[in-house]
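So you can see what is in the structure, the chains are spelled out below.
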Amino acid sequence: MVAVVPPARPRKLAKVPFVELADGRLQGVVSSGSDVERVYVSSVTAGTHGYQCSTNNNRPCGGLRGMPCKHLHALADEAVLQYGVDRVARYLRVDIGDGLADGSELLARLDGQPEPASAAVVFSRFLRHLSYLELPVSTVVLPELHWFPATGAGR
């Protein structure tokens, strides 16, 4: 059985609605600060610390100029809230030394460069997660979620 780890601290989903440690990357979806209909898909690769940020249709982020943009900073900050700084640093293979306060400090310790990566897979995962919000409330098990451990409700 896989243990579901609760968030380290509550987070607001409006700015970064989706963040995950998956596929060897810290990755997620970040809302645009200027256009409510635009989102950015941002990621940092574990080990190499290569990073990317683009719109969901693969247009490069204008703020990504040889250093992490504001979307990557927001993603890292929310990842620290969701998973805790130690877990994120361990996943990315970043030495945090005496500790860090937030995701921006974590990004400051990266030694990577911008690297191209497709936003499609991460954005598709985000859309799949959103589709669960449209389902009516039910206690019936969803086949694709059967691997989640029982919560003990109703026992």
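Residues numbered from 1 in each chain as written. Predicted model: local features only at pLDDT ≥ 70, side-chain atom pairs only at ≥ 80, totals over all residues. Heavy atoms only, no water.

Asker: Mind laying out the pattern of salt bridges, listing which residues take part and the relevant values?
Answerer: On inspection of all chains with the given rule, the structure shows three salt bridges. Across the salt bridge formed by Arg-125 and Glu-20, the nearest N and O atoms sit 3.0 Å from each other. Of the two residues, Arg-125 sits in helix 4 (residues 120-133) while Glu-20 sits in strand 1 (residues 18-22), which places them 105 residues apart along the sequence. Of the charged contacts in the structure, one is a salt bridge between Asp-23 and Arg-125, with a shortest N-O distance of 3.2 Å. (Salt bridge = Lys/Arg side-chain N within 4 Å of Asp/Glu carboxyl O. Helix = DSSP H or I, 4+ residues; strand = E, 2+ residues; numbered from the N terminus.)

Asker: Pulling in residues and values, what's your account of the packing of aromatic side chains?
Answerer: Within the structure shown, the criterion is met by two aromatic pairs. Arranged with centres 5.9 Å apart and planes meeting at 45°, the rings of Phe-18 and Phe-126 form a pair that is tilted. In this pair, Phe-18 sits in strand 1 while Phe-126 sits in helix 4, placing the two residues 108 residues apart along the sequence. Their ring planes at 50° and their centres at 5.9 Å tell us that Phe-123 and Phe-126 sit as a pair that is tilted. Taken together, the positions of Phe-123 and Phe-126, both in helix 4 and three residues apart, correspond to about one turn of that helix. A residue is classified by how much of its surface remains accessible, and Phe-123, at 15% relative accessible area, is buried. Looking at Phe-126, the relative accessible area reads 9%, which means it is buried. In this structure an aromatic cluster arises from ring pairing among Phe-18, Phe-123 and Phe-126. (Phe/Tyr/Trp six-rings, centres within 6.5 Å; stacked < 30°, edge-to-face > 60°. Buried < 20%, exposed > 50% of the residue type's maximum accessible area, 1.4 Å probe, protein only.)

Asker: I'd like a rundown of the environment of Ala-76, residues and numbers included.
Answerer: Positionally, Ala-76 belongs in helix 1 (residues 70-83). Linking Ala-76 and Leu-26, residues 50 residues apart in sequence, is a C-alpha distance of 7.9 Å.

Asker: If you had to explain the packing of helix 1 against helix 2 (residues 85-92) to someone new, which residues and values would you point to?
Answerer: Running from N to C, helix 1 and helix 2 cross one another at 115°; their axes reach a closest spacing of 7 Å. Between helix 1 and helix 2, the contacting residues are Ala-79, Val-80 and Tyr-83 on the first element and Val-85, Arg-87 and Val-88 on the second. (Axes fitted to C-alpha atoms, helices over the stretch in contact; angles between N-to-C directions. Contact = heavy atoms within 4.5 Å.)

Asker: Can you break down the pairing of strand 3 (residues 39-45) residue by residue, with the values?
Answerer: The element strand 3 is largely enclosed, with a buried count of seven among its seven residues. Side chains Val-39, Val-41, Ser-43 and Thr-45 project from strand 3 onto one buried face, and the interleaved Tyr-40, Ser-42 and Val-44 project onto a second face that is buried too. Of the pairings in the sheet, the one linking strand 2 (residues 25-31) to strand 3 comprises seven bridges and is antiparallel in character. Directly across from Ser-31, in strand 3, lies its bridge partner Val-39. Two elements, strand 3 and strand 4 (residues 51-55), share five bridges in a ladder whose sense is antiparallel. Note on strand 4: the bridge partner recorded for Val-44 is Tyr-51. From the end of strand 3 to the start of strand 4, which pair antiparallel, there are five residues, and Gly-47 there has a positive phi angle of about 85°. (Pairing = 2+ DSSP bridges.)

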